[in-house]
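# An overview of the molecular structure
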Amino acid sequence: MSDVNSPKRVYIKTFGCQMNEYDSDKMADVMRQAEGYEKTDDPEQADLILFNTCSVREKAQEKVFSDLGRVKHLKAKGVKIGVGGCVASQEGAAIIERAPYVDVVFGPQTLHRLPQLLQQRRDAAQPQVDISFPEIEKFDHLPPAKVEGRSAFVSIMEGCSKYCSYCVVPYTRGAEVSRPFEDVLTEVAGLVDQGVLEVTLLGQNVNAYRGAMGASGEIADFALLIEYIAEIPGIQRIRYTTSHPNEFTQRLIDVYAKVPQLVNHLHLPVQHGSDRILAAMKRGYSVLQFKQIVRKLRAIRPDLRLASDFIVGFPGETDDDHAKTMKLVEDVGFDASFSFIFSPRPGTPAANLPDDTPYEVKVARLQQLQAAIEGHAWGISRTLVGSTQKVLVTGTSRKDANELMGRTECNRIVNFPGHPRLMNQLIDVTITDAYPHSLRGEVPLVETTSA
């Protein structure tokens, strides 16, 4: 714990997606503004320990309780412990029943109430649980972000209304709710004032955004939001995640021709290459419809790099279904993927489907899929050797503290020798070598001498 004269410290462990990463940052912002907390990477030094959980993966609940067990001994020092995120939303008071030393349980939509929940815990001398869905209230009560570097995440909507048969998100984060149009623009403009060059727009189905435009009653779609963000002076790059094929409108496709700040990298989850399995997943589109979206986008941006999500071993998946996924991977040429073996989530329709495929078969299918995508991604990387890429320098290299690291527009990590004065700048880097998960480059002499 902190000394009497030092700031209080909060340790936050984050599981899952970029939405959770964003939420964890906001937890830190809330606690810093309300009670002066500073973040720490050492739970042994913390006054408050928060686990921001994800219920998408298998055995998520057990992992949470395992982590809770590891910090239980710190209660004797007066440390407060909280569980937030999707497992908290799903389990609620059951977390307290199983781990009575937990002080507060809160959902993704109530993280802004964390200081009040902790105060109520002190006043009532008993654990507090708030996993309600107060819709847009969270965004109205969050303090301004503390920005470090030139990139920032901006959450523009919460929840999901798609109800895919395997997914627990609609039950843990609620239905789709979009932030007001002007609120998003104001936040982005404020980030630019702090030096941000690149924003990543976040949402469970980010392209389902439908934000109210003031008191006019008009609704802005995702395409319009991107167009307006691009008009904010200083914005150099716009990214977004995660999108849904059913919300990929022609208007959004057309934006790729209008907005140069929109990067040539798209994460568009397809989940499977078999129409039969897609129907069982309740995804709402066919493989052909997905490929049509990709074809239209690449007609506008031929160098668009496409990442996706895949679920392998969905109940009832046959060898033929898997072969169709492999055919889709070959046809589309995905650049990267998040791919996992299906794991049933409690309360979802797919959890009750019969599944007689041996686990070792699923593992073999996953390995084949990942090897194919990895091979294609490395091939794309090799085509970049000799080219000059705009790189946003984000810090020192993870493998060599004497070198710098940055990210290309197409989402490749590049390591290169360079002076620290290039940090947080958007610079040209010539690519000299390609590796499976990164690139190597060098700064042209004109950059080095003029920086």
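Quick summary incoming for the structure in this document.

Cut-off values and rules
- Residues numbered from 1 in each chain as written.
- Predicted model: local features only at pLDDT ≥ 70, side-chain atom pairs only at ≥ 80, totals over all residues.
- Heavy atoms only, no water.
- Helix = DSSP H or I, 4+ residues; strand = E, 2+ residues; numbered from the N terminus.
- Rg over C-alpha atoms; globule rule 2.2 N^0.38 Å.
- Contact = heavy atoms within 4.5 Å.
- Phe/Tyr/Trp six-rings, centres within 6.5 Å; stacked < 30°, edge-to-face > 60°.
- Buried < 20%, exposed > 50% of the residue type's maximum accessible area, 1.4 Å probe, protein only.
- Lys NZ or Arg CZ within 6 Å of the ring centre and 35° of its normal.
- Pairing = 2+ DSSP bridges.
- Axes fitted to C-alpha atoms, helices over the stretch in contact; angles between N-to-C directions.
- Disulfide = S-S within 2.5 Å.
- Polar contact = N/O pair within 3.5 Å; in protein donor to acceptor, adjacent residues only side chain to side chain.

Another aspect to go through is the overall build of the chain. If you tally the helices and strands in the chain, you get 15 helices and 21 strands. For the chain, whose C-alpha radius of gyration is 23 Å, the value lies close to the compact-globule estimate of 22 Å for 451 residues. Across its three principal directions, the C-alpha atoms of the chain cover 60 × 60 × 50 Å. When contacts within the chain are restricted to residue pairs at least 6 apart in sequence, long-range pairs at least 24 apart make up 72% of them.

As enumerated under the stated definition, the model contains 6 aromatic pairs in all. Aromatic pair F181 and Y228: ring centres 5.1 Å apart, planes at 75°, arrangement edge-to-face. With F181 in helix α8 (residues 181-193) and Y228 in helix α9 (residues 222-230), the pair connects residues that are 47 residues apart, well separated along the chain. Take F181: its relative accessible area is 2%, and that puts it in the buried class. Looking at Y228, the relative accessible area reads 42%, which means it is partly exposed. On the numbers, 5.2 Å between centres and 70° between planes, the contact of F314 with F342 is edge-to-face. Taken together, the residues span a long stretch of sequence, with F314 in the loop between β15 (305-312) and α13 (319-332) and F342 in the loop between β16 (336-341) and α14 (359-383) at a distance of 28 residues. The burial state of F314 is the same as that of F342; both residues are buried. Every member of this aromatic cluster is reached through a ring pair, and the members are F290, F310 and F334. The cationic tip of R98 hangs over the ring face of F65; the distance from NZ or CZ to the ring centre is 4.0 Å. When the ring centre of W378 is taken as reference, the NZ or CZ atom of R382 above it lies at 5.1 Å.

Right, let's talk about the sheet that holds strand β14 (residues 265-267) for a bit. Strand pairing in a sheet relies on backbone hydrogen bonds, with the paired strands running either antiparallel or parallel. The parallel open sheet is built from 3 strands, whose spatial order is β14-β15-β16. What marks the edges here is a single partner per strand, and that holds for β14 and β16. Averaged over all adjacent pairs, the angle separating strand axes in this sheet is 10°, with direction ignored. Note that β15 and β16 share 6 bridges and pair parallel. Across the sheet, the residue bridging to S308 is S337, located in β16. This element, α14, spans β15 and β16 of the sheet and lies at about 175° to β16.

Counted according to the given criterion, the structure contains 0 disulfides. Residue C164 stays outside any disulfide, its sulfur separated by 6.1 Å from that of C167, the closest cysteine. Cysteine C167 is unpaired, with the sulfur of C160 as its nearest cysteine sulfur at 5.9 Å. Its relative accessible area of 19% is what places C167 among the buried residues.

Further remarks concern the side chain of D335. Along the chain, D335 turns up in the loop between α13 and β16. For D335, a relative accessible area of 4% gives the class buried. Here R412 takes part through its side chain, which lies 2.6 Å from a polar atom of the side chain of D335. Dropping the residues within four chain positions of it, D335 is found in contact with H265, R305, L306, I373, A377, I380, C410 and R412.

What follows concerns the pairing of strand β3 (residues 48-53). In terms of residue burial, β3 counts as a mostly covered element, since 6 of its 6 residues are buried. With 5 bridges connecting them, strand β1 (residues 9-14) and β3 associate as parallel partners. Within β3, the position partnered with V10 by the bridge is L48. Of the strand pairs in this sheet, β3 and strand β4 (residues 80-84) are connected by 5 bridges, and their pairing is parallel. Paired with I49 across the strands is I81, a residue of β4.

Right, let's talk about the sheet that holds strand β19 (residues 413-416) for a bit. Pairing is mixed around the closed barrel formed by 5 strands, whose spatial order is β17-β18-β19-β21-β20. Each strand axis lies, on average, 50° off the axis of its neighbour in the sheet, ignoring direction. In this sheet, strand β20 (residues 426-434) lies alongside strand β17 (residues 388-396) in antiparallel orientation, the contact comprising 5 bridges. When the sheet's bridge partners are listed, L392 is paired in β20 with L426.

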